[in-house]
Amino acid sequence: MKFIETRGNDSQPHHPLKVEFSGAILGPIASYGGIYVPEHLPDLGLEFLNKHRDSPYKQLAKAVLGAFEIDLDESVIDEALSLYDEFDDANNPVPLAKISDDLFVSELYRGPTRAFKDMALQPFGVLLSALARQRDEDYLILAATSGDTGPAALETFKNKERVRVACMFPEGGTSDVQRLQMITEDADNLKVIGIKGVFDDAQIALKQLLGSQQFKETLKAKKIHLSAANSVNFGRIIFQIIYHIHAYLEMVRQAEITMGTRIYLAVPSGNFGNALGGYYALKMGLPVEKILISTNKNNVLAQLINHGRYDFRDTEVVATLSPAMDILKASNVERVLFDLYGAKRTREMMQQLDEERFYELTESEHQQLREFFAADECDDEETTRYVRNCFEQGYLMDPHTATCIKVYDSCRSKPLKTVITSTAEWTKFSMTTAEAIGADGGDGDLQALKNISAKAEIDIPEQIEALFKKPIIHKTLINKEDIEKTIISFL
Ligand SMILES: *Cc1c(COP(=O)(O)O)cnc(C)c1O
């Protein structure tokens, strides 16, 4: 299958009309600053679902990748998918937990870094490194992270041939666990850089670097290609379609629904990659009534879905208890716009967004969007309450996951069963979780983890406990002005 551009093609020679999957992964920016999307979506409706009713995760994954006809050797795909064997349970890397009669949690966090970023980044690392070797090219991955992408990217790329990673994070802007996951990661091809400031400072530093002529020339002289492991890369999105289908089949296998019954999917959303995966699954034939989008107080997505306007003209990001969702510009929405309204209209809207931080759907466009999505926002006080309520019913969830209970409560118009996608383990946000369940937070993650563990009678996973004993490898802490110098000397 070929991939095309969300904002149409500008006929420039370096912008081919169509690219293969590998081209979309490595691909430079598409025409007019767009991103790549599949030319059409394969049909994975009831026939496919029945065929894979009992398929284990990897087999299902292979069939979904197969339906997209991706241009990668089978051995590479097998190697990529074999990383799911390292999750808690190799036979079922994504368990489905039951919370109540009609509420279920798809636990996407059972990989090495305990956040759902592993679901896509683990296999993606294998694909990218294989492509780099095949093409005999070197790649630099730049990441600015608020906490979950960084650890997952470092973990997947460590010691991979032909790939180097420079990862910037705001010192003091992550949880202890997230910071330790990055600065204890020991491999020669990784550079982790603490930035004095907040996440936005790290992001601004990254943007400046990407615009710097000196930096471009250095890369060119060293024959290093730049790649982004960010969440608009279709090489990540494709792995985010699979787990929604898997969760549905788990519901069938557990006899909670019969094949064909519709369910709701509830997704805690930031950059909209997870939600987009659900949307694609729905469009490909998964019986999903609607995708329920939860946001925190940074509610641009909820506003778009409820009022048809993407608007952050007078809006600043506010810090919340679900920091991975503290985002104003959700990059993957563009793919939904393309799918619903076509390239010309997408280009128009995205250009307006870039220039004015605003665009508005027509009434009929808005109606179309609402056929697939419903949304609500969940403030910190509600988030804490949902974590506590669920804990009292016997289930411990992280604050991001908890925001989904809000949309489950407020957005369902039919009494259908709902699957919440859980994006992080409680261990990654232990201070908030501890406070919510009335275990003492203490003065840092380690104390909070222990207090939760004692109160909830639940073990701290090995990967997390070990972090506090590992030697610290990366001690670089700099001002954002010094980023370029630091990365060039790493190269
Ligand atoms: C990345 C992340 C999200 C947001 O996911 P998107 O796909 O960007 O919408 C939500 N929760 C956690 C814990 C995350 O790490």
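Higher on the page you've got the structure.
Rules used in this analysis
Residues numbered from 1 in each chain as written. Predicted model: local features only at pLDDT ≥ 70, side-chain atom pairs only at ≥ 80, totals over all residues. Heavy atoms only, no water. Near = heavy atom within 4 Å. Polar contact = N/O pair within 3.5 Å; in protein donor to acceptor, adjacent residues only side chain to side chain. Areas by Shrake-Rupley, 256 points an atom, 1.4 Å probe, with all protein chains shown as cover. Nonpolar A, V, L, I, M, F, W, Y, C, P; charged D, E, K, R; others polar. Helix = DSSP H or I, 4+ residues; strand = E, 2+ residues; numbered from the N terminus. Buried < 20%, exposed > 50% of the residue type's maximum accessible area, 1.4 Å probe, protein only. Contact = heavy atoms within 4.5 Å. Pairing = 2+ DSSP bridges. Salt bridge = Lys/Arg side-chain N within 4 Å of Asp/Glu carboxyl O. Phe/Tyr/Trp six-rings, centres within 6.5 Å; stacked < 30°, edge-to-face > 60°. Lys NZ or Arg CZ within 6 Å of the ring centre and 35° of its normal. Axes fitted to C-alpha atoms, helices over the stretch in contact; angles between N-to-C directions. Parallel < 35°, antiparallel > 145°, perpendicular 65-115°, else oblique.

Enquirer: So what exactly am I meant to see when it comes to the site of the ligand here?
Expert: Neighbouring residues of the ligand: 15 residues in total, closest K117, D148, G270, N271 and T423. One nitrogen or oxygen atom from the main chain of G273 is found 3.1 Å from an oxygen atom belonging to the ligand. For the ligand, the protein covers 96% of the area, taking 380 Å² as the surface of the free molecule. Within the shell around the ligand, the residues separate by chemical class into six nonpolar, seven polar and two charged.

Enquirer: Is there a simple way to explain unusual backbone geometry in this structure?
Expert: Among all residues except glycine, the phi angle is most often negative; among peptide bonds, the trans geometry is most common. Even without glycine at this site, Y32 takes up a positive phi of about 55 degrees. Here Y32 is to be found in the loop between α1 (21-26) and β2 (36-38). Of note in this structure, R114 is not a glycine but carries a positive phi near 65 degrees. Mapped onto the fold, R114 is located in the loop between β4 (103-107) and α5 (117-135). Here R114 falls in the buried class, since its relative accessible area comes to 1%.

Enquirer: Which parts of the structure should I look at to understand the side chain of D148?
Expert: Mapping D148 onto the fold places it in the loop between β5 (138-144) and α6 (149-157). The exposure class assigned to D148 is buried, which follows from its relative accessible area of 7%. Each residue touching D148, except ones within four places of it in the same chain, is listed here: A115, K117, Q178, A324, K428 and F429.

Enquirer: Explain the sheet that holds strand β8 (residues 224-227) to me, please; I cannot follow it from the model alone.
Expert: Strand pairs in the sheet, formed through backbone hydrogen bonds, run parallel or antiparallel to each other. Reading across the sheet, the five strands line up as β8-β5-β6-β7-β15 and stay open at both edges, with parallel pairing between neighbours. Because the sheet does not close on itself, it has two edges, and the strands there are β8 and β15 (477-478). Here six bridges tie β5 to strand β6 (residues 163-170), and the two strands are oriented parallel to one another. Note that in β6 the partner of A143 across the bridge is C167.

Enquirer: Can you walk me through the pairing of strand β13 (residues 373-377) in this structure?
Expert: Side-chain direction in a regular strand flips from residue to residue, so the side chains alternate between the two faces of the sheet. Most of β13 sits out of view: four of its five residues are buried. Looking at chain direction, strand β10 (residues 288-295) and β13 are connected through five bridges and run parallel. By the bridge assignment, L292 is partnered in β13 with A374.

Enquirer: When you look at the pattern of salt bridges in this model, what are you seeing that I'm missing?
Expert: A side chain of one charge can pair with a side chain of the opposite charge if their charged atoms are brought near each other. Counted according to the given criterion, the structure contains 35 salt bridges. One salt bridge connects K406 with E382, and the closest N-O pair in it is separated by 3.0 Å. Of this pair, K406 sits in helix α18 (residues 399-410) while E382 sits in helix α17 (residues 380-392), placing them 24 residues apart in sequence. E382 matches K406 in its accessibility class, with the two residues each being buried. Here K485 and D482 are joined by a salt bridge, their closest N and O atoms 3.7 Å apart.

Enquirer: Looking at this structure, how should I read the packing of aromatic side chains?
Expert: Each aromatic ring pair is characterised by the separation of its centres together with the angle its planes make. Tallying each qualifying case throughout the model produces 13 aromatic pairs. Relative to Y84, the ring of Y57 has its centre 5.1 Å away and its plane inclined at 75 degrees; by these criteria the two rings are edge-to-face. Here Y84 lies in the loop between α4 (74-81) and β3 (96-100) and Y57 lies in helix α3 (residues 57-67), a separation of 27 residues in the sequence. Given a relative accessible area of 2%, Y57 falls into the buried group. One aromatic cluster is present, built from ring pairs that chain together F3, F21, F68, F234, F272, Y279, Y280, F372 and F373. Of note, R313 hangs over the ring of F358, and the distance from its end group to the ring centre comes to 3.7 Å. Taking the ring centre of Y386 as reference, the NZ or CZ of R385 above it sits at 6.0 Å.

Enquirer: Hey, could you run me through helix α19 (residues 430-437) in this one?
Expert: Along an α-helix, residues three or four apart share an orientation, since each turn contains 3.6 residues. With six of its eight residues buried, α19 lies for the most part within the structure. Of the surrounding secondary structure, the elements contacted by the buried residues of α19 are α17, α18 and α20 (445-456).

Enquirer: Sorry, what's going on with the environment of G260 here?
Expert: In this structure, G260 sits in the loop between α11 (239-253) and β9 (263-268). Overall, G260 belongs to the partly exposed group, its relative accessible area being 34%. In the structure, G260 is positioned 224 residues away from E484 in sequence and 53 Å away in space, judged by C-alpha atoms. Setting aside residues up to four positions removed in sequence, G260 forms contacts with L46, Y248 and P287.

Enquirer: Quick question: what am I supposed to make of the packing of α17 against α18 here?
Expert: Any two packed helices are characterised by the angle at which their axes cross and by the distance between the axes. For the pair α17 and α18, the least separation of the axes is 8 Å and the interaxial angle reads 95 degrees. With respect to each other, α17 and α18 are oriented roughly perpendicular. Residues E382, T383, Y386, V387 and C390 of α17 lie in contact with α18, whose contacting residues are P399, A402, T403, I405, K406 and D409. Residues that form the contact of α17 with α18 fall into these classes: six nonpolar, two polar and three charged.

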